[in-house]
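# Structural overview for review
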Amino acid sequence: MLPMLKYELVEKNHWVTEDEILDYYAVGQCTPGIIAVNVATFVGFKRKGVLGGIFSTLGMVSPSLIIVSILAMFLNQFMSNEYVAHAVGGIKIVVCALMLNTVVTMAKKTVKSLPAGIACILAFVLAMFSPVPTVLIVVAAGVAGIILYKLGRFKA
Amino acid sequence: MNNVYLQLFIEFFQIGLFAIGGGPATIPFLMDLPNRHDWYEVSDVANMLAVSESTPGPIGINMATYAGYNAAGFLGGIVATFSLVLPSLIVIMIVAKILDRFNKNMYVKSSFGMIRPAVTGLIATAVWGIFRTALFMTAEGKWQFPVLLVLMSLGFYGLMNIKKLKKLHPAVWILCGAIVGIVFKL
């Protein structure tokens with residue numbers, strides 16, 4: 001997504017500089033939500049205030065909204081077709097592989113210190129074997145980060 | 001609280017607020033939703049991911065649209081998607097005003113430094129859930145170990161990590177999966 005954002009926003013429209021977009025991207029990763037959407041909101045807001053932010057966000061989500069809705073409609077209808085059912089059987093195998101790939105890539109990017117490794121394993125174990133809500137695990141990790149920083153044990 | 005749109009709003013607003021680290025971070029939350037609502041089954045998540053990965057746009061948004069559509073039709077998709085982006089819309093506009101301070105703040109940095117690996121752990125749990133429903137559970141809820149399917153899945157994973165194939169769009173892999181599925185009658 002980043003190369004596309006760079007091309008459209010920096011080279012084609014000159015709305016932001018390359019440094020700015022990298023800054024936005026960094027902030028987009030540290031704020032809740034989808035990174036690409038966050039960058040869009042950021043650029044829109046910087047250019048045209050609140051309305052700009054809202055419109056660029058709407059622009060970013062509209063194609064998905066339309067395309068996915070249409071696909072969902074068809075998929076639910078054609079699920080009973082024999083060929084579609086076989087295709088879905090094969091697709092599931094690929095989805096598993098894609099997801100495995102996502103986790104491995106994310107682990108390589110995010111687990112770079114011992115405390116980070118412990119956070120990753122603890123979150124996995126808690127989510128897997130305890131009824132602790134997902135939201136609570138996220139909040140607890142954030143609090144742990146601040147406490148460890150205060151204790152001088154953790155440098156992000 | 002019986003209104004499905006209100007429930008969609010509450011659930012997806014929460015996901016938008018706590019799914020930190022981009023699109024894949026929404027998956028653990030989406031795996032958790034069927035425990036509370038009958039909008040879709042856990043076993044549907046694999047299909048949802050396939051649709052989301054092979055359509056343009058960020059997967060998190062695609063997932064929300066698809067989940068919302070399954071729950072309450074076209075309008076449900078719209079409500080879920082807007083609820084998902086609303087928290088970040090608000091947060092970004094606040095942060096945009098204090099960008100430099102926010103970016104370099106040690107508390108922000110250290111908390112996110114721990115949240116990101118934790119989210120990776122959460123996603124790992126969700127991925128296990130997808131493996132379980134897509135491969136290791138029969139439609140009747142019994143355990144199975146389909147050696148061939150598992151090997152095929154690992155084979156695809158291996159292919160994805162070949163240097164020349166790394167840049168391929170997920171949709172290409174999904175298309176390959178569909179063909180393999182039809183040819184081998186999976």
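One structure accompanies this document, and this report is about it.

So, how was this worked out
- Residues numbered from 1 in each chain as written.
- Chains lettered and ligands numbered in written order.
- Predicted model: local features only at pLDDT ≥ 70, side-chain atom pairs only at ≥ 80, totals over all residues.
- Heavy atoms only, no water.
- Helix = DSSP H or I, 4+ residues; strand = E, 2+ residues; numbered from the N terminus.
- Rg over C-alpha atoms; globule rule 2.2 N^0.38 Å.
- Contact = heavy atoms within 4.5 Å.
- Areas by Shrake-Rupley, 256 points an atom, 1.4 Å probe, with all protein chains shown as cover.
- Lys, Arg positive; Asp, Glu negative; His and termini not counted.
- Charge placed at Lys NZ, Arg CZ, Asp CG, Glu CD.
- Axes fitted to C-alpha atoms, helices over the stretch in contact; angles between N-to-C directions.
- Parallel < 35°, antiparallel > 145°, perpendicular 65-115°, else oblique.
- Left-handed = near helix turned anticlockwise from the far one by under 90°.
- Nonpolar A, V, L, I, M, F, W, Y, C, P; charged D, E, K, R; others polar.
- Buried < 20%, exposed > 50% of the residue type's maximum accessible area, 1.4 Å probe, protein only.
- Polar contact = N/O pair within 3.5 Å; in protein donor to acceptor, adjacent residues only side chain to side chain.
- 1 Å grid on protein atoms, 1.4 Å probe; cavity = no way out; pocket = protein on both sides within 12 Å on 5 of 7 lines; lining within 4 Å.
- Points joined across faces, edges and corners; volume = space filled by probe spheres on them.
- Core = buried A, V, L, I, M, F, W, Y, C linked by side-chain atoms within 4.5 Å.
- Phe/Tyr/Trp six-rings, centres within 6.5 Å; stacked < 30°, edge-to-face > 60°.

On to the overall build of chain A. When helices and strands are counted, chain A shows 6 helices and 0 strands. Its C-alpha atoms give chain A a radius of gyration of 20 Å, more than 25% over the compact-globule value 15 Å for 156 residues. Considered along the principal axes of its C-alpha atoms, chain A spans approximately 60 × 50 × 25 Å. Considering only contacts in chain A between residues 6 or more positions apart, those separated by 24 or more positions represent 21%. Surface accessibility of chain A: about 8300 Å² in total, with carbon and sulfur atoms responsible for 69%. The distance from the centre of the 12 positive side-chain charges to the centre of the 7 negative ones in chain A is 12 Å.

To continue, consider the packing of helix 4 (residues 82–110) of chain A against helix 7 (residues 147–160) of chain B. Packed helices, taken two at a time, are described by the angle their axes make and the gap between the axes. At a minimum axis separation of 8 Å, helix 4 of chain A and helix 7 of chain B run at an interaxial angle of 50°. Classified by the interaxial angle, the pair formed by helix 4 of chain A and helix 7 of chain B is oblique. Taken as a pair, helix 4 of chain A and helix 7 of chain B cross one another with a handedness that is right-handed. For the pair helix 4 of chain A and helix 7 of chain B, the contacting residues are I93, V94, C96, A97, L98, L100, N101 and V104 of chain A in the first and L149, M152, S153, L154, F156, Y157 and M160 of chain B in the second. Class assignment of the residues belonging to the contact of helix 4 of chain A with helix 7 of chain B gives a composition of 13 nonpolar, 2 polar and no charged.

Another point: unusual backbone geometry. Phi angles above zero are rare outside glycine, and H14 of chain A is one such case at about 50°. Assignment of secondary structure puts H14 of chain A in the loop between helix 1 (2–12) and helix 2 (18–29). Phi at K185 of chain B takes a positive value of approximately 50°, unusual for a residue other than glycine. Relative to the assigned elements, K185 of chain B resides in the segment after helix 8 (170–183). Judged by its relative accessible area of 53%, K185 of chain B is exposed.

Before going further, it helps to spend a moment on the side chain of S52 of chain B. All names here are of chain B. One can find S52 in helix 3 (residues 45–54). For S52, the side chain forms a polar contact with the main-chain nitrogen of M63, separated by 3.4 Å. Not counting residues up to four positions away in its chain, the partners in contact with S52 are I59, N62 and M63.

Turning next to the layout of surface pockets. Taken as a whole, the second largest pocket holds about 400 Å³ of empty space. The wall of the second largest pocket is formed by 19 residues, among which A127 of chain A together with M31, D32, N35 and T125 of chain B lie closest to the centre. The set of elements that each furnish at least two residues to the lining of the second largest pocket consists of helix 5 (114–129) and helix 6 (134–150) of chain A together with helix 2 (26–32) and helix 6 (106–136) of chain B. Ranked by residues supplied to the lining of the second largest pocket, first place goes to helix 6 of chain B with 6 residues. A breakdown of the residues in the lining of the second largest pocket according to their chemical character gives 12 nonpolar, 5 polar and 2 charged.

A separate point is the nonpolar core. All names here are of chain B. If you look at the biggest cluster of nonpolar residues, it comprises 97 residues, and the most contacted ones within it are F12 and I130. With 16 residues, the top contributor of residues to this core is helix 4 (residues 59–97). Setting aside residues no more than four positions away along its own chain, F12 makes contact with L30, L33, W39, A64, A67, A80, S83 and L84.

Before going further, it helps to examine the packing of aromatic side chains. All names here are of chain B. For the structure shown, the criterion picks out 6 aromatic pairs over all chains. With centroids separated by 6.5 Å and ring planes inclined at 15°, the aromatic side chains of W128 and W143 adopt a geometry described as stacked. Linking W128 in helix 6 with W143 in the loop between helix 6 and helix 7, this pair joins segments that are 15 residues apart in sequence. The structure contains a cluster of three or more aromatic residues connected by ring pairs, namely W128, F136, W143 and F145.

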